[in-house]
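Summary of structural features
Residues per chain, in single letters:
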Amino acid sequence: MALKPNSADGRTRSWVQIFIVFGLCCFFYILGAWQRSGFGKGDSIALEITKHGADCNIIPSLNFETHHAGEVGNVGESEKIKSFQPCPPRYVDYTPCQDQKRAMTFPRDNMIYRERHCPREEEKLHCLVPAPKGYVTPFPWPKSRDYVPYANAPYKALTVEKAIQNWIQYEGNVFRFPGGGTQFPQGADKYIDQLAAVIPITNGTVRTALDTGCGVASWGAYLWSRNVLTMSFAPRDSHEAQVQFALERGVPAVIGVLGTIKMPYPSRAFDMAHCSRCLIPWGANDGMYLKEVDRVLRPGGYWVLSGPPINWRNNYKAWQRPKEELEEEQQKIEDVAKLLCWEKKHEKGEIAIWQKRVNDESCRGREDDSQAKFCKAEEANDVWYKKMDVCVTPYPDVSSSSEVAGGELKPFPERLFAVPPRIASGSVPGVSVETYEEDNNIWKKHVNAYKKINRLIDSGRYRNILDMNAGLGGFAAALNSPKLWVMNVMPTIAEKDTLGVIYERGLIGIYHDWCEAFSTYPRTYDLIHAHGLFSLYKDKCNLEDILLEMDRILRPEGAVIFRDEVDVLIKVKKITAGMRWDTKMVDHEDGPLVPEKVLVAVKQYWTVGGNTTSAQ
């Protein structure tokens, strides 16, 4: 027999259901109010993104592919957008801080005129630097090492000036780079084999190298196949377009010179430094340039000098220089190397190799040398526009004669994710082993998300990559591939200086202030990454200037990835709408409620005279 329902129980269940529904309504009302409050930024962010035409889904309409055609489309923005016009054709290779006309107004002593001299605010260009007519995307690596399209850097002077040295040859619509150099006309590979007989180049001990006065950077180009990453530099147009050729080949390089200002690299950065007939007066100014190399050379690192004055006794006639002058020059180099406590490991033919000691224990005698003036240890990384001094950078302290000052590094590639000594020792305030490892995991996740957005990232399409605010180098480490290299930039206004950590990981980078132009040619980079950069520079300088500089150094059809707070990215997106960039906003990989967003951009393809009106 069925039981008769209890009316009191039914009323109780009804009240419970009403209470639950009421509670849920209150919960969602409070959640919505919290999001609108700005504390979670949810609804206000969504409203702003919708208002500015952003699409927070994976990007179906942004074309990363190379097509070399098409003119500029109309920007579909509801509000008036500032449109940036092309610069006149004469600015096609404009380098703002190494401008030739401005350079000639400065003294020539100690190469001052070749150093950075940036335009004043009223002299800055507010236009888009054009690509030369016929510009094409460079060949993928490794073909780009040997061939560069003539249209991209149409300068033939080196093909004549360096014809017998096998630097570069002109063949139809391309330049060919046979791999030669002034000191190795038979090829960089054979030259590197000679070095490798003395220096452990092949086992990962030597990973980062510095090439001073690099020419077209064939030394660095051929070291790449041996897993050595080279930072090459040379002055603007000592030989026409040398650094531009290096970058078109896909070789890391910047415009730079050893003059009166410190090199923009941290102390103890490079495993090897190199000069192949680089025309630097190493013995001059009390050995100031050698002391600067010593600052950036890692304890146990190697310095290679080939060409004059090495082996002057046999070569002074061929060099057409007085033997007394060459003898004096070499003696000065030997004296400075002795003061620095470098050990000479090899001299044969025109190649000499020294090795820096691993610590100061074996160099105690120099403390009594009247010429051994020591720098302040805390100034070793303070380099931005700081004058070079004739002092010797001290080693970090050690507890035994066998300990490597500053910490011993793992061979590459193990050192890429090993804990860097500067972090293990606690010398980077606020960065622990745990935060370093967490940072690596975060960037692996970010890079995986980037590859889903842009599937060309690890395809070989992007060779030259720039990280404008590199942090601990997590982005570059997560991207590590034989198909690409990353220039890691440490903004001079960053809260923490971690560029030394980046080098200890076997990566390369440079100090820079993004309120100024970068020391490179136009169209240098295939992909640019800017994480938190515009938040960092907010109220420091004009964001428009930074974006125009990004446009200058980005190749046509190159890509940009911005990662920042959404309100900052909305301002960036508004400016780029007038810059011939196609953009899309994407959610953070953890979902739409995260205030940090990703703005992805592709620079449109256009060249000089492509149905455009040049700015006056």
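The structure displayed is predicted, hence computed values, not measured ones. (Residues numbered from 1 in each chain as written. Predicted model: local features only at pLDDT ≥ 70, side-chain atom pairs only at ≥ 80, totals over all residues. Heavy atoms only, no water.)

1. A look at the overall build of the chain
Formally: Here a strand is any run of E in DSSP of at least two residues, a helix any run of H or I of at least four, and the numbering for each starts at the N terminus. Classification of residues uses two cut-offs on accessible area relative to the type maximum, computed with a 1.4 Å probe and protein chains only: under 20% is buried, over 50% is exposed, and between them is partly exposed. Note on contacts: a residue pair is in contact if any heavy atoms of the two residues lie within 4.5 Å. Residue burial considers only the protein chains on display, and all accessible areas are found by Shrake-Rupley using a 1.4 Å probe.
In terms of helices and strands, the chain carries 18 helices and 17 strands. Taken across its 616 residues, the chain has 55% of its residues classed as buried. The contacts of the chain with a sequence gap of at least 6 include a subset with a gap of at least 24, amounting to 70%. Of the roughly 27300 Å² that the chain leaves accessible, carbon and sulfur atoms contribute 52%.

2. Section: the sheet that holds strand E12 (residues 485-491)
The condition is simple: Two strands make a pair as long as DSSP finds a minimum of two bridges between them. Axis geometry follows a simple rule: fit a line to the C-alpha atoms, using only the stretch in contact for helices, then measure angles between N-to-C directions, giving values from 0 to 180 degrees.
Taken in spatial order, the seven strands make up an open sheet running E13-E12-E11-E14-E15-E17-E16, and their pairing is mixed. Looking at strand neighbours, the two that pair on one side only are strand E13 (508-512) and strand E16 (581-587), the edges of this open sheet. Taken over all neighbouring pairs, the strand axes of this sheet differ in orientation by 20 degrees on average, direction set aside. Bridge count between strand E11 (residues 464-467) and strand E14 (residues 525-531): three bridges; the pairing is parallel. The residue of E14 that forms the bridge with Leu 466 is Ile 528. Against the sheet, helix H17 (residues 543-553) touches E11, E14, strand E15 (554-565), E16 and strand E17 (596-603), its axis set at about 145 degrees to E15. Sitting on the sheet, helix H18 (residues 566-576) is in contact with E15, E16 and E17, with an inclination near 155 degrees to E15.

3. Some thoughts on the pattern of salt bridges
Cut-off, in case you're wondering: When a carboxyl oxygen of Asp or Glu is within 4 Å of a side-chain nitrogen of Lys or Arg, the pair counts as a salt bridge.
Scanning all chains against the criterion turns up 34 salt bridges. With a shortest N-O distance of 2.7 Å, Arg 116 and Glu 516 are connected by a salt bridge. In this pair, Arg 116 sits in the loop between helix H3 (100-103) and helix H4 (143-146) while Glu 516 sits in the loop between E13 and E14, placing the two residues 400 residues apart along the sequence. Look at Arg 116 and you get buried, because its relative accessible area is 15%. Between Glu 549 and Arg 552 there is a salt bridge, with its nearest N and O atoms 2.8 Å apart. Here Arg 552 and Glu 549 lie together in helix H17, a separation of three residues that amounts to about one turn. The same class applies to Glu 549 as to Arg 552, namely buried. Each of Arg 120, Glu 122 and Glu 123 takes part in a single network of salt bridges with overlapping partners.

4. What about the pairing of strand E9 (residues 342-348)?
One ladder, built from six bridges, connects E9 with strand E10 (residues 351-356); its direction is antiparallel. Pairing of Glu 347 across the sheet is with Ala 352, part of E10.

5. Examining the confidence of the model for the chain
Defined as follows: Residue-level confidence of the predictor is what pLDDT reports, using numbers from 0 through 100.
Of all residues in the chain, 85% have pLDDT values of 70 or greater, and the mean over the chain is 88. Across residues 30-58, confidence stays below pLDDT 50; counting only partners more than four residues off in sequence or on other chains, it has 43 contacts. Contacts of residues 611-616 to residues separated by more than four positions or lying in other chains number 15 contacts, the stretch itself having pLDDT below 50.

6. Considerations on the environment of Gly 204
Following the sequence through the fold, Gly 204 ends up in the loop between helix H6 (188-196) and strand E4 (208-212). Between the C-alpha atoms of Gly 204 and Val 228, which are 24 residues apart in sequence, the distance is 7.9 Å. Beyond its immediate sequence surroundings of up to four residues, Gly 204 is in contact with Pro 411, Phe 412 and Arg 415.

7. Side note on the state of the cysteines
Where we set the bar: Here, two cysteine sulfur atoms that lie within 2.5 Å of each other are counted as a disulfide.
By the definition in use, this model includes six disulfides. What pairs with Cys 375 in a disulfide is Cys 391, and their sulfur atoms sit 2.0 Å apart. Between Cys 375 and Cys 391 the disulfide shows an S-S torsion of about 100 degrees. By sign, it is right-handed. With a gap of 16 residues between them, Cys 375 in the loop between E10 and helix H12 (421-424) and Cys 391 in the loop between E10 and H12 connect regions that are remote in the sequence. Its relative accessible area of 9% is what places Cys 391 among the buried residues.

8. Here we look at the packing of H17 against H18
As a reminder, the rule being used: For classification purposes, an angle smaller than 35 degrees is called roughly parallel, one larger than 145 roughly antiparallel, one from 65 to 115 roughly perpendicular, and anything else oblique. Two helices that cross are described as forming a left-handed crossing if the nearer one is turned anticlockwise from the farther one by less than a right angle, and a right-handed crossing if clockwise. Classes in brief: Ala, Val, Leu, Ile, Met, Phe, Trp, Tyr, Cys and Pro nonpolar; Asp, Glu, Lys and Arg charged; the others, Gly included, polar.
Remark: H17 packs on H18, axes separated minimally by 10 Å, with the N-to-C direction vectors making an angle of 60 degrees. On the basis of the axis angle, H17 is oblique to H18. Classified by chirality, the crossing of H18 by H17 is right-handed. Every residue of H18 that contacts H17 at Leu 543, Glu 544 and Leu 547 is listed here: Val 572, Ile 575 and Thr 576. Per-class residue counts for the contact of H17 with H18 are four nonpolar, one polar and one charged.

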